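Commentary on secondary and tertiary structure
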Amino acid sequence: MPAGMTRSEFQRFAFPGLRDVIGLSYRKKPTEYDHIYNVENSDAAFEEDHQIVGFGLPIQTGENVAIPADRMYDGPAIRYDHKDFTLRAGFSHQFIRDMKRPIWNDRARDFGYSFSEGVEISASDVFNGGFTTLGYDKVPLFSAVHPLGARTGGSAGQTQSNVLATPATLSVGSYRDMLTQSRLFFDPTGVRRIAVRQADLLV
């Protein structure tokens, strides 16, 4: 259907299925993206998360010996640039003149479905491109070489993996392997374990 709807096109496309097409309503499933991501509002040009790497592990110290000092380090920053998504529907002025304007109110509801689905697809693209699209640390989301910061106790070029060494389909065994691996993650100090506790399984 052309972008701008005329009177003749309305007669052809809309009237025969007025109740079925324009008056159609859906029982939609709840959105998924806001359960997976931290969703926040913003009125700024961009937002940025700046990480501060914490302290290393405590050091065994003898009696009457100066206490060793440590400090925090700057970690990687994640910048979120806002993007605009738009869409419109065109109607001829003859269409509006013929007092078909209430039809626009019904059609406007479909923009709600369109934009909500667009958000879901954009959110899922992060996972669909998880093996190829580079993230803030210059490697894909799913990578065997996520870099860690070099600092006290850490080593330059230290990396860690959030994928299995041997790719596997989802099974009880591979699921347990991934749980075990995630318990071995280091924070950016390179010496402290995160021991993350998983919240969701995405398939």
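On a predicted model such as this, the values are computed, not experimentally measured, just so you know. (Residues numbered from 1 in each chain as written. Predicted model: local features only at pLDDT ≥ 70, side-chain atom pairs only at ≥ 80, totals over all residues. Heavy atoms only, no water.)

**Details of the overall build of the protein**
Scanning the protein from N- to C-terminus turns up six helices and six strands. Tracing the protein from N to C terminus, the helices and strands come up as β-α-α-α-β-β-β-α-α-β-β-α. Counting all 203 residues of the protein, 19% fall into the buried class. Intrachain contacts of the protein at a sequence separation of at least 6 include 55% that bridge at least 24 residues. For the protein, the exposed area adds up to about 15900 Å²; of that, 55% sits on carbon and sulfur atoms. (Helix = DSSP H or I, 4+ residues; strand = E, 2+ residues; numbered from the N terminus. Buried < 20%, exposed > 50% of the residue type's maximum accessible area, 1.4 Å probe, protein only. Contact = heavy atoms within 4.5 Å. Areas by Shrake-Rupley, 256 points an atom, 1.4 Å probe, with all protein chains shown as cover.)

**Observations regarding a negative patch on the surface**
Together, E40, D43, E47, E48 and D49 make up a region of like negative charge exposed at the surface. Within the secondary structure, E47 sits in strand β2 (residues 46–53). Residue classification places E47 among the partly exposed residues on the basis of a relative accessible area of 33%. (Patch = residues over 30% accessible without salt bridge, like charges linked within 9 Å, V, L, I, M, F, W, Y side chains within 5 Å. Salt bridge = Lys/Arg side-chain N within 4 Å of Asp/Glu carboxyl O. Lys, Arg positive; Asp, Glu negative; His and termini not counted. Charge placed at Lys NZ, Arg CZ, Asp CG, Glu CD.)

**Focus on the packing of aromatic side chains**
Evaluated as defined, the whole model comprises three aromatic pairs. When the ring of F131 is compared with that of F142, the centres are 5.0 Å apart and the planes differ by 40°; the resulting orientation is tilted. Taken together, the positions of F131 in the loop between α5 (101–128) and β5 (146–147) and F142 in the loop between α5 and β5 put the pair eleven residues apart, joining distant regions of the chain. The exposure class assigned to F131 is exposed, which follows from its relative accessible area of 59%. (Phe/Tyr/Trp six-rings, centres within 6.5 Å; stacked < 30°, edge-to-face > 60°.)

**With respect to the environment of G135**
By the secondary structure assignment, G135 is in the loop between α5 and β5. For the pair formed by G135 and H146, sequence separation is eleven residues and the distance between their alpha carbons is 10.0 Å.

**Details of the confidence of the model for the protein**
Residues of the protein with pLDDT of at least 70 account for 79%, and the chain-wide mean is 81. Between the elements of the protein, mean pLDDT differs from a low of 53, seen in helix α2 (residues 18–22), to a high of 93, seen in helix α6 (residues 172–182). (pLDDT = per-residue confidence, 0-100.)

**Re the pattern of salt bridges**
Summed over all chains, the structure comprises two salt bridges. A salt bridge links R79 to D81; its shortest N-O distance comes to 3.1 Å. Of the residues examined, R79 reaches a relative accessible area of 48% and is grouped as partly exposed. Residue D187 pairs with R192 through a salt bridge whose shortest N-O separation is 3.3 Å. A relative accessible area of 31% places R192 in the partly exposed class.

**Remarks on a nonpolar patch on the surface**
The grouping of L170, Y175, L201 and V203 at the surface amounts to a nonpolar patch, some 470 Å² of accessible area in total. Given the relative accessible area of 37%, Y175 is considered partly exposed.

**Concerning the environment of V163**
Note on placement: V163 falls in the loop between β6 (159–160) and α6. As a C-alpha pair, V163 and L141 span 22 residues in sequence and 9.6 Å in three-dimensional space. When residues no more than four places from it in sequence are discounted, the contact partners of V163 are F131, F142, S143, A144, M178 and Q181.

**A closer look at the side chain of S182**
Relative to the assigned elements, S182 resides in helix α6. Apart from the residues within four sequence positions on either side, S182 is in contact with A195, V196 and Q198.

**Details of α6**
Buried residues of α6: S174, Q181 and S182, and no others. Seen along its axis, α6 keeps its buried residues to an arc of 95°; they face one direction. Turned more than 90 degrees away from the buried face of α6 sit V172 and R176, all of them exposed. (Arc of directions from axis to C-beta.)

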